[in-house]
Amino acid sequence: SKKQGRNRIQAYSSEMDEASEQKLALENGLRLALERDEFEVHYQPQVNMQGQVIGAEALVRWRHPEQGLVSPGLFIPVAEESGLIHLIGERVLRMACRQNKLWQEAGFPPMPVSVNLSNKQFEQPHLIETIREALQESGLEPKYLDLEITESMMAADANNAETTLRRLKQIGVQVSMDDFGTGYSSLSYLNRFPIDKLKIDQSFVRDIAHESSGASIVATIVAMSHHLGLQVIAEGVETQEQIDFLRDKKCDLVQGYYYSPPLPPDDFERYLQNMARS
Ligand code: C2E
Ligand code: CA
Ligand code: CA
Ligand code: CA
């Protein structure tokens, strides 16, 4: 009936209101979080096949006063939609550069720290300036900063992406292709763009154990990366079986819970100290 139809519409639009209200609340929460300095960066070791830590990925967390640690999967999408990703991303970049420099000053062997860039950041003309500033301010040498980008950034505007990547290489930072194989993959990107490292997405790594297509995809990506002169890193490595397979295929680096989850700076430091001692 007409009445039921109207109720349905009302129910529907109040659900919509609820969703957008939640988004708005989250957006306001993120603004406040920036003001109150509630963002933290955790670090996950990247390990070579000899078990040495030779890098780390910086992963943002929001230390919410009531909810505790909020994972980026929950707030990055809203940060991107609202444009707050620029401020959050800049903060993460600065913290990661400063922290990396502090570790070097404390006498740890120098290693690159990888920072994730969102599409929005990558497209912003100011990006190059922001990166220069973060390096200058921290005193970190550019080669110890690695920027993780995704295939979708290449696909959106290939010419623009190429220009941005060439400028990044001029600065002297490293560039990694994140989540490889999940996006709008075009192998031509790997030849055309100046990329140093390729990260095999964890969905393929997870599949290794089952002797399914995942295993051959991983093996193929490793071989292809080496032909192209790229370093290759497997993400989401959790088991000895996966390590054995990746070693056999000559994968360069691994990252995953098998070695360590992402850690707050102090814990990461302790992890480095323990590794050095063992
Ligand atoms: P990502 O860049 O692909 O990061 C890897 C994610 O896998 C991280 O989740 C990490 O904690 C998780 N991980 C690592 N090892 C394992 C493992 O062995 N098993 C499993 N199941 N997971 C593992 P996290 O920290 O929750 O980050 C999720 C995503 O949020 C990231 O995916 C990245 O896309 C985004 N993100 C995180 N930090 C930032 C940031 O500072 N800026 C931007 N733009 N995005 C970020
Ligand atoms: Ca990443
Ligand atoms: Ca990834
Ligand atoms: Ca991702």
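Residues numbered from 1 in each chain as written. Chains lettered and ligands numbered in written order. Predicted model: local features only at pLDDT ≥ 70, side-chain atom pairs only at ≥ 80, totals over all residues. Heavy atoms only, no water.

A. Seen up close, the coordination of the calcium ion (ligand 2). Surrounding the calcium ion (ligand 2) are the protein donor atoms Glu57 (OE), Asn116 (OD1), Glu148 (OE) and Asp178 (OD), which sit 2.2 to 2.3 Å from the metal. Written as a sequence motif, the donor arrangement for the calcium ion (ligand 2) is E-x58-N-x31-E-x29-D. Taken as a pair, the calcium ion (ligand 2) and the calcium ion (ligand 3) lie 3.9 Å from each other and share Asp178 as a ligand. Taken together, the positions of Glu57 in strand 2 (residues 53–64) and Glu148 in strand 5 (residues 145–149) put the pair 91 residues apart, joining distant regions of the chain. Residue class for Glu57 comes out buried when judged on its relative accessible area of 4%. Classification of Glu148 by relative accessible area gives buried; the value is 1%. (Donors = N, O, S within 2.8 Å, 3.2 Å for Na, K, Ca; no water. Helix = DSSP H or I, 4+ residues; strand = E, 2+ residues; numbered from the N terminus. Buried < 20%, exposed > 50% of the residue type's maximum accessible area, 1.4 Å probe, protein only.)

B. Region of interest: the coordination of the calcium ion (ligand 3). Within the protein, the atoms that donate to the calcium ion (ligand 3) are Asp178 (OD), Asp179 (OD), Glu235 (OE) and Glu235 (OE), at distances of 2.2 to 2.5 Å. Spacing between the donor residues of the calcium ion (ligand 3) along the chain follows D-D-x55-E.

C. Quick look at empty space enclosed by the protein. As enumerated under the stated definition, the model contains one cavity of 30 Å³ or more in all. In this model, the largest cavity occupies a volume close to 40 Å³. Here the lining of the largest cavity is composed, by residue class, of three nonpolar, two polar and two charged. (1 Å grid on protein atoms, 1.4 Å probe; cavity = no way out; pocket = protein on both sides within 12 Å on 5 of 7 lines; lining within 4 Å. Points joined across faces, edges and corners; volume = space filled by probe spheres on them. Nonpolar A, V, L, I, M, F, W, Y, C, P; charged D, E, K, R; others polar.)

D. Expanded view of the pattern of salt bridges. This model, assessed by the stated rule, comprises 17 salt bridges. One salt bridge in this structure joins Asp244 and Arg247, with 3.9 Å as the shortest N-O distance. Taken together, the positions of Asp244 and Arg247, both in helix 11 (residues 240–248) and three residues apart, correspond to about one turn of that helix. Look at Asp244 and you get partly exposed, because its relative accessible area is 38%. By relative accessible area, Arg247 is classed as partly exposed at 39%. Note that Asp248 is salt-bridged to Lys249, the shortest N-O span being 3.7 Å. When its relative accessible area of 52% is taken as the criterion, Asp248 is described as exposed. Relative accessible area serves as the criterion here: at 32%, Lys249 is assigned to the partly exposed category. Salt bridges linked by common partners bring Glu57, Glu148, Lys199 and Glu235 together as one network. (Salt bridge = Lys/Arg side-chain N within 4 Å of Asp/Glu carboxyl O.)

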